Number of protein chains: 2
Amino acid sequence: MTRATPAEDACTNALPTAALGGPVSHAVSRVARLHRIAAGKALKGVDLYPGQELLMMHLWDRGAVRQTELIRALELDPSTVTKMLQRLEQTGHVRRRPDPADRRAVLVEATDQSCALHTAVEAAWGSLEEHTLAGLDPAERTELVRLLAKVEENLCRETEDCPDRRGAASA
Amino acid sequence: MTRATPAEDACTNALPTAALGGPVSHAVSRVARLHRIAAGKALKGVDLYPGQELLMMHLWDRGAVRQTELIRALELDPSTVTKMLQRLEQTGHVRRRPDPADRRAVLVEATDQSCALHTAVEAAWGSLEEHTLAGLDPAERTELVRLLAKVEENLCRETEDCPDRRGAASA
DNA sequence: AACTTTACCTTGGTCGGCCAATGAATGGGT
DNA sequence: ACCCATTCATTGGCCGACCAAGGTAAAGTT
């Protein structure tokens, strides 16, 4: 009922209600989407799909880890990580082997082949960052980071499964 | 070669290189993901999946439109929209019919049934926005919107397929 | 009028990502 | 020792989103 007669929105509002009702939410979606596409382009040269680079970076960083490590670090669903790894394994970027210390766990590590990409990926990531922030002065960048962190906090709280700051000190 | 010997990263840096090399990029991914999950939860009650709500909002707003309209408004890939519509049609939220004026086009409109959700969806969207921005004062919110817009601009430029303000005078 | 380009949408395939449910191994209670 | 709860990982199903390619109809050219 609230619905305007189809033929009559001569006014043709440029702004969708979505943008009015939730400017930030809307902006976040759009930025994320564009950012992902940009990442995809930047990564096209290195045979990685957007999302995979973070996983690889973690492996390059920490060597052999078990899947749980990745799941917690990337904050992804277990099944997502499993599938990503299967694909990365098939493309030869990653190797998996059973953990001798725990027969239900799996150890994951980057292959030597993949290490060749390390530099390229970090360069791509860096240039992406630069591109993203073009035209923002240092103060603005800091502020953006701060605000995003706050928002993340909020959403994290809502989700209620946010990272209980990893014990870390570790064993 | 930068790779530390696997067994030796005793230091175990808490921050992944990704976060150091691209704090904002990293934050954007995370925030987007959390935001999407939150949206999913908020929408769970209304039988819509995250992403669909924006499409529906557009339909509620503008009545019957052709698919191209949606594609441009949501800035999505045509195939994405086609598939979303197929699903929305099957769940009875949307109806499609050929455009009498242009035999290759299709007109899409929200079903009456779906209109019942209109209010609920907007409420959900609004509360999501509020949740996202909890603890940010008005000035911060404004600033966040401004910064995100700038970033969007940047990424849009990169992508190079951003909405060339439809005027289309174009060529 | 005939031909070529352009626009509109669909299909098929691939990825990341989620949830729910399942199998295997570990660990804790009693 | 036994059983039950946890943890680790996988599978299957589904959705959003992309790209590439294809088919049909409308414009624009000649």
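Criteria and cut-off values
Residues numbered from 1 in each chain as written. Chains lettered and ligands numbered in written order. Predicted model: local features only at pLDDT ≥ 70, side-chain atom pairs only at ≥ 80, totals over all residues. Heavy atoms only, no water. Helix = DSSP H or I, 4+ residues; strand = E, 2+ residues; numbered from the N terminus. Buried < 20%, exposed > 50% of the residue type's maximum accessible area, 1.4 Å probe, protein only. Contact = heavy atoms within 4.5 Å. Areas by Shrake-Rupley, 256 points an atom, 1.4 Å probe, with all protein chains shown as cover. Near = heavy atom within 4 Å. Polar contact = N/O pair within 3.5 Å; in protein donor to acceptor, adjacent residues only side chain to side chain. Nonpolar A, V, L, I, M, F, W, Y, C, P; charged D, E, K, R; others polar. Pairing = 2+ DSSP bridges. Axes fitted to C-alpha atoms, helices over the stretch in contact; angles between N-to-C directions. Least-squares fit on C-alpha atoms with pLDDT ≥ 70 in both. pLDDT = per-residue confidence, 0-100.

Peer 1: Now, about the overall build of chain A: what can you tell me, with residues and values included?
Peer 2: Per the secondary structure count, chain A includes seven helices and three strands. Along chain A, from the amino end to the carboxyl end, the secondary structure elements read α-α-α-β-α-α-β-β-α-α. The 171 residues of chain A split such that 43% are buried. The long-range fraction of contacts in chain A, counting pairs at least 24 apart against all pairs at least 6 apart in sequence, stands at 47%. When the accessible surface of chain A is summed, it comes to about 9,200 Å², and 56% of that surface belongs to carbon and sulfur atoms.

Peer 1: Can you break down the protein's contact with DNA strand D residue by residue, with the values?
Peer 2: The immediate surroundings of DNA strand D are formed by 27 residues, with Gln-67, Thr-68, Lys-83 and Arg-104 of chain A together with Ser-79 of chain B found nearest. For DNA strand D, a phosphate oxygen lies 2.4 Å from a polar atom in the side chain of Thr-68 of chain A. One nitrogen or oxygen atom from the side chain of Thr-80 of chain B is found 3.1 Å from a phosphate oxygen belonging to DNA strand D. Elements represented by at least two residues in the surface near DNA strand D include exactly α4 (67-74) and α5 (78-90) of chain A together with α5 (78-90) of chain B. Split by residue class, the surface near DNA strand D holds seven nonpolar, eight polar and 12 charged.

Peer 1: Summarise the sheet that holds strand β1 (residues 65-66) of chain B; cite the residues concerned and give the values.
Peer 2: All names here are of chain B. Strand order in the open sheet formed by three strands is β1-β3-β2, with antiparallel pairing between adjacent strands. The open sheet is flanked by β1 and β2 (94-98), the only strands paired with a single partner. Across two bridges, β1 lies against strand β3 (residues 106-110) in antiparallel orientation. Its bridge partner lying in β3, Arg-66 is registered against Leu-107. Along the sheet face, helix α3 (residues 52-62) touches β1, β2 and β3 and points at about 95° away from the line of β3. Contacting β2 and β3, α5 runs over the sheet at an angle of about 115° to β2.

Peer 1: I'd love a proper account of the pairing of β3 of chain B, names of residues and values included.
Peer 2: Residue and element names in this part refer to chain B. Among the five residues in β3, four count as buried, and that is most of the element. Relative to β3, β2 is paired through five bridges, and the arrangement is antiparallel. Paired with Arg-97 across the strands is Leu-107, a residue of β3.

Peer 1: Outline the relation of the copies chain B and chain A, supporting the account with residue identities and numerical values.
Peer 2: Laying chain B over chain A is done by rotating through 180° and shifting 0.0 Å along the axis; what remains is an RMSD of 0.1 Å. Taken together, these values place the two copies in the relation of a two-fold axis. If distances are taken from each C-alpha of chain B to the rotation axis, the shortest is found for Ala-32 of chain B, at 2.9 Å. In this assembly the copies share their binding face: 93% of the residues contributing to the interface of chain B also contribute to that of chain A.

Peer 1: Go over the confidence of the model for chain A with me, naming the residues and quoting the values.
Peer 2: Residue and element names in this part refer to chain A. Counting all residues, the mean pLDDT for chain A is 83, and 80% of those residues have values of 70 or more. The secondary-structure element of chain A with the lowest mean pLDDT is helix α1 (residues 17-21), recorded at 64, while α5 shows the highest, at 97. Under a pLDDT of 50 for its full length, residues 1-13 has, in the predicted model, 11 contacts with residues more than four places off or in other chains. Confidence over residues 163-171 falls short of pLDDT 50; this stretch has five contacts with residues more than four positions distant or in other chains.

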